[in-house]
Amino acid sequence: MKDQNQDRLDDWLDKALRQYGNVQPRIGLEGRVAATLEVARRRSATRKRWGLCVGTAAAVCVISTFIWKDSNSPQPVGNTVHNFSTQLPKDATPKIPGVHKTKKSGISNAANNTRRNSRNPGIRTAASPRLSEFPAVRPLSQQEQLLRAYVNQFPKQAALIALEQAQREKELQALYTENSTDSEQER
Amino acid sequence: MTQPTLVSIAQMVGTNEDAIEAAVREHARLVYRIAYSVLRNHHDAEDATQETFVRVLRYGRKLEGVEDPKTWLAKIAWRVAVERSRRRGFNQSLSEAEMQVPSMQFRSDLASAEESVLGNEMTQLLTLFISALPEPLRAVLRLSTVEELSTAEIAQVLGSSEASVRSRLFRARVILKQKLASLGK
């Protein structure tokens, strides 16, 4: 009797569970899902396209900025870029008075300097800066050397060029002041 | 030797999109039933079904390397449904939607109207009892009501062994039978 009841209960439960799980979606589920997928696909394609556009624009901006900066930066006259610090001759290092004299002269700071120098022998410091020669004397650059050579060789032409340049600058300044007054009057 | 499915054929022959379309045609109902088993609501189940396939589309490249698309889809559907149910607080208690099971959502195999009414009452009662089960037992029982899934597939979906699925199912049935028997007394 108990077994029979158990069997009946089992049957009833099986039937109930079947009923519980026997769910049918509304007609056309596959179509609706396919439509949603199509929309999602289009959306992702559009997003990709936008991403590509934005990326390209950003790249173009970066490259153009780089080019613009490169073209606007001051360039040396010659073809080669000279590193003056490396080009300096060994004996042409700026001679700051007082630097080498520290040991010889009997200045009160000399002892202090020698103590520092003994700690770091590669560095020699001046006892005090000489403001009369500030900024420190440095050798002429290549351009300056060329200019000096030209002036030495052709002093008359150099004087004429200098005069011409001065006049040109005056003219430009006059032109600039005229323009600025005109624009102010227009306002 | 298993029979080649639409998805596996599409995987071999067509593009990834073809494989997804084949998966929709072949497994949309399974995905829907899994979602419904958790959410017990038609609209939510359909939304979950759509979300499942959108996820499949998003991770579409993985579909090429999937050996068993059915179980893979079932796993995703289960995860989506559980996430949705957590988000909406389905686990707190029996929701209103669960209580008001619309009779139109069920395919009625029962012959007479009387049987149909009895069937609906039975389902509501069972829904109550199942929702009161502990979570591990409830998950197994819910997936077992989805016709298309075998015990091995349920084990794969839940990430547990077949033996544990069987024992949980047995325990769940015992609890349900006890409750039903107590009703009869």
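Residues take numbers from 1 onward in each chain, read along the sequence in its written order. Following the order in which they are written, the chains are lettered starting with A and the ligands numbered starting with 1. Note on the predicted model: pLDDT of at least 70 is required for a residue's local features to be given, and 80 or more for side-chain atom pairs to be given and counted; whole-chain, interface and lining totals, by contrast, use all residues.

## Concerning the overall build of chain B
Part 1 of the argument: The helix and strand inventory of chain B stands at ten helices and zero strands.
Part 2 of the argument: Along the chain direction, N to C, the helices and strands of chain B fall in the order α-α-α-α-α-α-α-α-α-α.
Part 3 of the argument: Exposure classes come from backbone-placed C-beta atoms, where a residue is buried if 20 or more other C-beta atoms lie within 10 Å of its own, exposed if 12 or fewer do, and partly exposed in between. Counting all 185 residues of chain B, 37% fall into the buried class.
Part 4 of the argument: Note on contacts: residues are paired as contacts if their backbone-placed C-beta atoms lie within 7 Å. For chain B, the proportion of contacts with a sequence separation of at least 24, taken over those separated by at least 6, is 60%. Where helices and strands are cited, they refer to DSSP runs of H or I of at least four residues and of E of at least two residues respectively, numbered from the N terminus.

## Concerning the overall build of chain A
Part 1 of the argument: Scanning chain A from N- to C-terminus turns up seven helices and zero strands.
Part 2 of the argument: Seen in sequence order, chain A has helices and strands lined up from the N terminus as α-α-α-α-α-α-α.
Part 3 of the argument: With 187 residues in all, chain A has 5% of them scored as buried.
Part 4 of the argument: Across chain A, every contact between residues at least 6 apart in sequence was considered, and the portion connecting residues at least 24 apart equals 55%.

## Quick word on the interface of chain A and chain B
Part 1 of the argument: At the interface, 19 residues of chain A touch 32 residues of chain B.
Part 2 of the argument: When contributions to the side of chain A that touches chain B are tallied by element, the ones reaching two or more residues are α1 (2-21) and α2 (29-72) of chain A.
Part 3 of the argument: For the side of chain A that touches chain B, the element with the most residues is α2(A), which contributes eight residues.
Part 4 of the argument: Charged residues are taken to be Asp, Glu, Lys and Arg, nonpolar residues to be Ala, Val, Leu, Ile, Met, Phe, Trp, Tyr, Cys and Pro, and polar residues to be all remaining types, Gly included. In the side of chain A that touches chain B, the residues fall into twelve nonpolar, five polar and two charged.

## Section: α2(A)
Because the α-helix completes a turn every 3.6 residues, residues three or four places apart line up on one side.
Part 1 of the argument: Here, expected helix span is obtained from the residue count minus one, scaled by 1.5 Å. Between its first and last C-alpha atoms α2(A) spans 64 Å; for 44 residues at 1.5 Å apiece the expected length is 64 Å, and the two agree.
Part 2 of the argument: Of all 44 residues in α2(A), one are buried, a share of ten percent or less.

## Some thoughts on the packing of helix α2 (residues 16-39) of chain B against helix α5 (residues 69-87) of chain B
Residue and element names in this part refer to chain B.
Part 1 of the argument: The contact between α2 and α5 brings their axes to 9 Å, and the two run at 35°. Here α2 runs over α5; the crossing is right-handed. Contact with α2, carried on its side by Ala23, His27, Leu30, Val31, Ile34, Ala35, Val38 and Leu39, involves Pro69, Lys70, Leu73, Ala74, Ala77, Trp78, Val80, Ala81, Val82, Arg84 and Ser85 of α5 and no other residues of that element.
Part 2 of the argument: Per-class residue counts for the contact of α2 with α5 are 15 nonpolar, two polar and two charged. In this analysis, axes come from line fits to C-alpha atoms, helices being fitted only over the stretch in contact, and the angle between any two N-to-C directions falls in the range 0 to 180 degrees. Less than a right angle of anticlockwise turn of the near helix away from the far helix marks a crossing as left-handed, whereas a clockwise turn marks it as right-handed.

## A closer look at the packing of helix α3 (residues 42-58) of chain B against α5(B)
All names here are of chain B.
Part 1 of the argument: At their nearest, the axes of α3 and α5 sit 9 Å apart, and the two run at 130° to each other. One way to sum up the angle between α3 and α5 is to call them oblique. Between α3 and α5 lies a crossing of right-handed hand. Here Asp44, Ala48, Glu51, Thr52, Arg55 and Val56 of α3 come into contact with α5, specifically with Leu73, Ile76, Ala77, Val80, Ala81 and Arg84.
Part 2 of the argument: A per-class count over the contact of α3 with α5 returns seven nonpolar, one polar and four charged. The cut-offs work like this: below 35 degrees is roughly parallel, past 145 is roughly antiparallel, 65 to 115 is roughly perpendicular, and the gaps in between are oblique.

## Brief notes about the nonpolar core
Part 1 of the argument: The biggest cluster of nonpolar side chains holds 47 residues, and the ones touching the most others in it are Ile34(B), Ala35(B), Leu73(B), Ala77(B), Ala81(B), Val140(B) and Leu143(B).
Part 2 of the argument: If you list the elements that add at least two residues to this core, you get α1 of chain A together with α2, α3, α5, α7 (113-131), α8 (135-144), α9 (151-158) and α10 (162-184) of chain B.
Part 3 of the argument: Ranked by residue count, the leading element in this core is α2(B), at 13 residues.
Part 4 of the argument: Apart from residues lying up to four places away in sequence, Ile34(B) is in contact with Ala74(B), Ala77(B), Trp78(B), Ala81(B), Leu143(B) and Val146(B). Here a nonpolar core is just a set of buried residues of the types Ala, Val, Leu, Ile, Met, Phe, Trp, Tyr and Cys, joined wherever their C-beta atoms sit within 7 Å.

## Section: the environment of Leu73(B)
Residues and elements named next belong to chain B.
Part 1 of the argument: Positionally, Leu73 belongs in helix α5.
Part 2 of the argument: Using a count of 26 C-beta atoms within 10 Å as the deciding quantity, one classes Leu73 as buried.
Part 3 of the argument: Distance from Leu73 to Val157, taken between C-alpha atoms, is 9.1 Å for residues 84 residues apart in sequence.
Part 4 of the argument: Not counting residues up to four positions away in its chain, the partners in contact with Leu73 are Ala23, His27, Val31, Thr52 and Val56.

## Description of the confidence of the model for chain A
Residue and element names in this part refer to chain A.
Part 1 of the argument: Think of pLDDT as the predictor's per-residue confidence, scored from 0 to 100. Confidence in the prediction of chain A, expressed as mean pLDDT, is 76, and 65% of residues score 70 or more.
Part 2 of the argument: Model confidence for chain A, summarised as mean pLDDT per element, is weakest for helix α4 (residues 101-104) at 47 and strongest for helix α6 (residues 142-153) at 90.
Part 3 of the argument: Within the model, the stretch residues 80-88 combines pLDDT values under 50 with seven contacts to residues more than four positions away or in other chains.
Part 4 of the argument: Of the regions scoring below 50 in pLDDT, residues 101-107 engages in eight contacts with residues more than four places distant in sequence or in other chains.

## Considerations on unusual backbone geometry
Keep in mind that most residues, glycine aside, have a negative phi and that most peptide bonds are trans.
Part 1 of the argument: Even without being glycine, Arg40(B) reaches a positive phi, approximately 55°.
Part 2 of the argument: As for its position among the elements, Arg40(B) is in the loop between α2 and α3.

## Some details on the confidence of the model for chain B
All names here are of chain B.
Part 1 of the argument: Looking at chain B as a whole, its pLDDT mean stands at 78, while 72% of the residues score no less than 70.
Part 2 of the argument: The lowest-confidence element of chain B is helix α6 (residues 96-99), averaging 47 in pLDDT; the highest-confidence one is α9, averaging 93.
Part 3 of the argument: Contacts from residues 91-97, a stretch scored under 50 in pLDDT, to residues over four places away or in other chains number eight contacts.
Part 4 of the argument: Taken together, the stretch residues 99-111 has pLDDT below 50 and engages in 18 contacts with residues farther than four places along the chain or on a different chain.
Part 5 of the argument: Interface confidence for the predicted complex, given as ipTM, is 0.71, next to a pTM of 0.57.

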